[in-house]
Amino acid sequence: MEELRSSRVFAGKRAISTIARQFGGQVPSHGILNGDDAAAIPDGDGYLLLAAEGIAPWLIESDPYLAGRSAVLANVNDIYAMGGRPLAMVDVICNASEERTRAIFRGMQDNADRLGVPLVGGHTSDGDGEASLALAILGRARRLLTSFDACAGDLLVLAYNQKGTFLEQHGFWNSSGERGDLELRGDLELLPQVAELGLSRAGKDVSMAGVAGTALMLAESSRLGLSIDLERLAAPPAVPVEKWLLAFFSYGFLLAVPPQNLAEVQDLFASRGLRADQIGRFRGGSQLGLAMGGVERTLWDWSEEEFTGFGK
């Protein structure tokens, strides 16, 4: 339990809560809530979605090509996690050598082509400092999946591809490598379908905080408690459950699903050879508990210690 709480991902999220408190916990004057995977801007009969991601400097240093691919993946997943479809991306690369810049851009372009999202511009500057990479994305949604609309009694569902490779060095579950481009785009299209069919109103993509941290963010934003049943968490045989709880999924989404919609959600993902496992349940309160064998222990209580500090 303490290994999860003290991980670098959890420490980083605690730092975010300090920034969040500066907003006073109030809805800003523009009316758009902070803390979602993308900012949802009302636009006609739907929403424009605007998001951005920065890439850790150590990844840019060790594998600039992978850093470029990861920047695209993280942003595209943020749009689909909101029930949207991505439209276009722009990038910012600073202080990278010419060789590293070319590798970053090749990684971005390869994944942009693979996912069918155009890279339409950006900014590049050289220098002698630490190299940095950030990417921003624009998308659109007809109906939203948000971080704020889970309800007590909703089931926590992990939608993912169980066929993949665990890259232990990066804590990364790569389940996209064996999928063709059109297959992967079809898998992602399931998220806006879930939103538009009214099967769920809340969800997030499983990103750097892993299943445990992402579930905690979803519970905190919705001002709810949550119990995760570790016996329902189908980790691959060679991956310890604590590492599976903290893994970053190339394709993985957490959804808050009303019980009466569970079978339809599972059938939708199963139609593409994907899993949608019920791994927990939302409840009143503020504690995220991990349960096994009839025993539950509290991983985090966001009322005592904010995780991100964001909520409605």
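Residues numbered from 1 in each chain as written. Predicted model: local features only at pLDDT ≥ 70, side-chain atom pairs only at ≥ 80, totals over all residues. Heavy atoms only, no water.

1. Observations concerning the environment of alanine 103
For step 1, the next point in the chain: In this structure, alanine 103 sits in helix α5 (residues 98–115).
For step 2, the next point in the chain: Look at alanine 103 and you get buried, because its relative accessible area is 12%.
For step 3, the next point in the chain: Once the C-alpha coordinates of alanine 103 and glycine 84 are considered, the two residues, 19 residues apart in sequence, prove to be 29 Å apart.
For step 4, the next point in the chain: If sequence neighbours within four positions are ignored, alanine 103 has contacts with Pro64 and Tyr65. (Helix = DSSP H or I, 4+ residues; strand = E, 2+ residues; numbered from the N terminus. Buried < 20%, exposed > 50% of the residue type's maximum accessible area, 1.4 Å probe, protein only. Contact = heavy atoms within 4.5 Å.)

2. Focus on α5
For step 1, the next point in the chain: An ideal rise of 1.5 Å per residue puts 26 Å on 18 residues; α5 measures up with 26 Å between its terminal C-alpha atoms.
For step 2, the next point in the chain: Regarding α5, the residues found buried are Thr101, Ala103, Ile104, Gly107, Met108, Asn111, Ala112, Arg114 and Leu115.
For step 3, the next point in the chain: Buried residues belonging to α5 abut α3 (57–62), α4 (64–81), β3 (84–94), β4 (119–125), β5 (132–141) and α6 (181–196).
For step 4, the next point in the chain: Phi turns positive, to about 75°, at glycine 116, one or two residues after α5. (Expected span 1.5 Å × (residues − 1).)

3. Some details on the packing of α4 against α5
For step 1, the next point in the chain: Contact pair α4 / α5: the axes reach a minimum separation of 6 Å and the direction vectors enclose 40°. When the interaxial angle is binned, α4 and α5 end up oblique. In this structure, α4 meets α5 at a crossing whose hand is right-handed. Between α4, through Pro64, Tyr65, Gly68, Arg69, Val72, Leu73 and Val76, and α5, the contact on the second element is made entirely by Arg100, Ala103, Ile104, Arg106, Gly107, Met108, Asp110, Asn111, Ala112, Arg114 and Leu115.
For step 2, the next point in the chain: Taken together, the residues of the contact of α4 with α5 break down into 10 nonpolar, 3 polar and 5 charged. (Axes fitted to C-alpha atoms, helices over the stretch in contact; angles between N-to-C directions. Parallel < 35°, antiparallel > 145°, perpendicular 65-115°, else oblique. Left-handed = near helix turned anticlockwise from the far one by under 90°. Nonpolar A, V, L, I, M, F, W, Y, C, P; charged D, E, K, R; others polar.)

4. As for the sheet that holds strand β15 (residues 295–301)
Strand pairs in the sheet, formed through backbone hydrogen bonds, run parallel or antiparallel to each other.
For step 1, the next point in the chain: An order of β9-β12-β6-β13-β10-β14-β15 is seen for the 7 strands of this open sheet, with the pairing classed as mixed. The two strands at the open ends of the sheet, each matched to only one other strand, are β9 (202–205) and β15. Across the sheet, the axes of successive neighbouring strands diverge by a mean angle of 25°, strand direction being ignored.
For step 2, the next point in the chain: Where strand β6 (residues 155–160) and strand β13 (residues 275–283) come together, 6 bridges link them in antiparallel fashion. For leucine 155, the partnering residue across the bridge sits in β13 and is arginine 281.
For step 3, the next point in the chain: Running over the sheet, helix α9 (residues 262–270) touches β6, β12 (252–257) and β13 and is turned about 150° from β13. (Pairing = 2+ DSSP bridges.)

5. Re the pairing of β13
For step 1, the next point in the chain: Sheet analysis places strand β10 (residues 225–229) next to β13, joined by 4 bridges and oriented antiparallel. Residue pairing across strands places leucine 226 opposite phenylalanine 282, the latter belonging to β13.

Fair warning: the whole summary comes from geometry, so function is off the table for now.
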